[in-house]
Amino acid sequence: MSLAYYYDLLSPPARTLHIILKMSGVQFEDCPVALLKGEHMTEDYKTNINRFQKVPCIIDGGFKLAESIAILRYLSAQGKIPEHLYSKNLVEQARIDECLEWQQTTLASTCALYFRAKWLEPTLSGGKTQPSPEKLETLKTRMETNLDLVEKLWLESSDFLCGNQMTVADIFAACVLEQTRIAEYDVRAQYPKIRAWLKRVREACNPHFDYAHQTVYKIGGSEPN
């Protein structure tokens, strides 16, 4: 087994790749990294595993690669990702890539900023760092601007983000949105199309989806549904 996968299930992109690897039947060495314990910040991790000191990342026969979408494309080029998840058809793949790129600069970033301010920074500081109500409301508004686009644009007339078949774009987005549970925000409450879509994604990915989100469910104190 030459592929080693370094991840923490607290990280949305790490959860996403874990689900995709499991669904694709890719064999890998399980290498969990405890982010809250700072295991990614050691000099050994920086030198020998990932120079950016983040997760997820892989080492494939000595080749080190970081960034979830780069890893996805690398494994797809090796034929390890099924085409129904990440098509090799030029037009279909471009549509998936469009959605992935959009997510990175909009949905993922605004959800991450809200999550950091609401839960991560207060947790890491032992409650000493708390966002102002004004800051939190601003971050929430920016996040909801992109949730509106998912509801009204990406899911306007299809079951999934890139059509009527689930792709990796759906898994990436679903893992991002599930993260907000930890920050006491559940997108299901006010977005009916997103609620129905998340259910479809979870059912299509299980049992791997629930396994990858066990930490989210536990910290968020909410059931999968």
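See above for the structure.
Residues numbered from 1 in each chain as written. Predicted model: local features only at pLDDT ≥ 70, side-chain atom pairs only at ≥ 80, totals over all residues. Heavy atoms only, no water.

*Asks:* So what's going on with helix α3 (residues 68-77)? Which residues, and what values?
*Replies:* Buried within α3 we find Ser68, Ile69, Ile71, Leu72, Leu75 and Ser76. Down the axis of α3, the buried side of the element spans an arc of 160°, and every buried residue falls inside it. Where α3 is buried, its residues meet β1 (3-7), α1 (12-24), β3 (57-60), β4 (63-66), α4 (90-105) and α7 (168-178). (Buried < 20%, exposed > 50% of the residue type's maximum accessible area, 1.4 Å probe, protein only. Helix = DSSP H or I, 4+ residues; strand = E, 2+ residues; numbered from the N terminus. Arc of directions from axis to C-beta. Contact = heavy atoms within 4.5 Å.)

*Asks:* Got a sec to walk through the packing of α7 against helix α8 (residues 192-205)? Specific residues and values, please.
*Replies:* Running from amino to carboxyl end, α7 crosses α8 at an angle of 115°, the nearest separation of the two axes being 10 Å. Taken together, the axes of α7 and α8 lie roughly perpendicular to each other. As for the relative orientation of α7 and α8, their crossing is left-handed in sense. Across from Asp170, Ile171, Ala173, Ala174 and Leu177 in α7, the residues of α8 making contact are Ile194, Trp197, Leu198, Val201 and Cys205. Classifying every residue of the contact of α7 with α8 gives nine nonpolar, no polar and one charged. (Axes fitted to C-alpha atoms, helices over the stretch in contact; angles between N-to-C directions. Parallel < 35°, antiparallel > 145°, perpendicular 65-115°, else oblique. Left-handed = near helix turned anticlockwise from the far one by under 90°. Nonpolar A, V, L, I, M, F, W, Y, C, P; charged D, E, K, R; others polar.)

*Asks:* Explain the sheet that holds strand β2 (residues 29-32) to me, using residue names and the numbers behind them.
*Replies:* Taken in spatial order, the four strands line up as β2-β1-β3-β4 in an open sheet, and their pairing is mixed. Both outer strands of the open sheet, β2 and β4, are each paired with one neighbouring strand and no more. Neighbour to neighbour, the strand axes of the sheet diverge by 20° on average, direction disregarded. Judged from the four bridges that link them, β3 and β4 form a sheet pairing that is antiparallel. Opposite Ile58, over in β4, you have Leu65 as the bridge partner. Contacts between α1 and the sheet are confined to β1 and β2, with β1 contributing the most and set at about 145° to the helix. Packing against the sheet, α3 makes contact with β1, β3 and β4, and its axis sits at approximately 130° to β4. (Pairing = 2+ DSSP bridges.)

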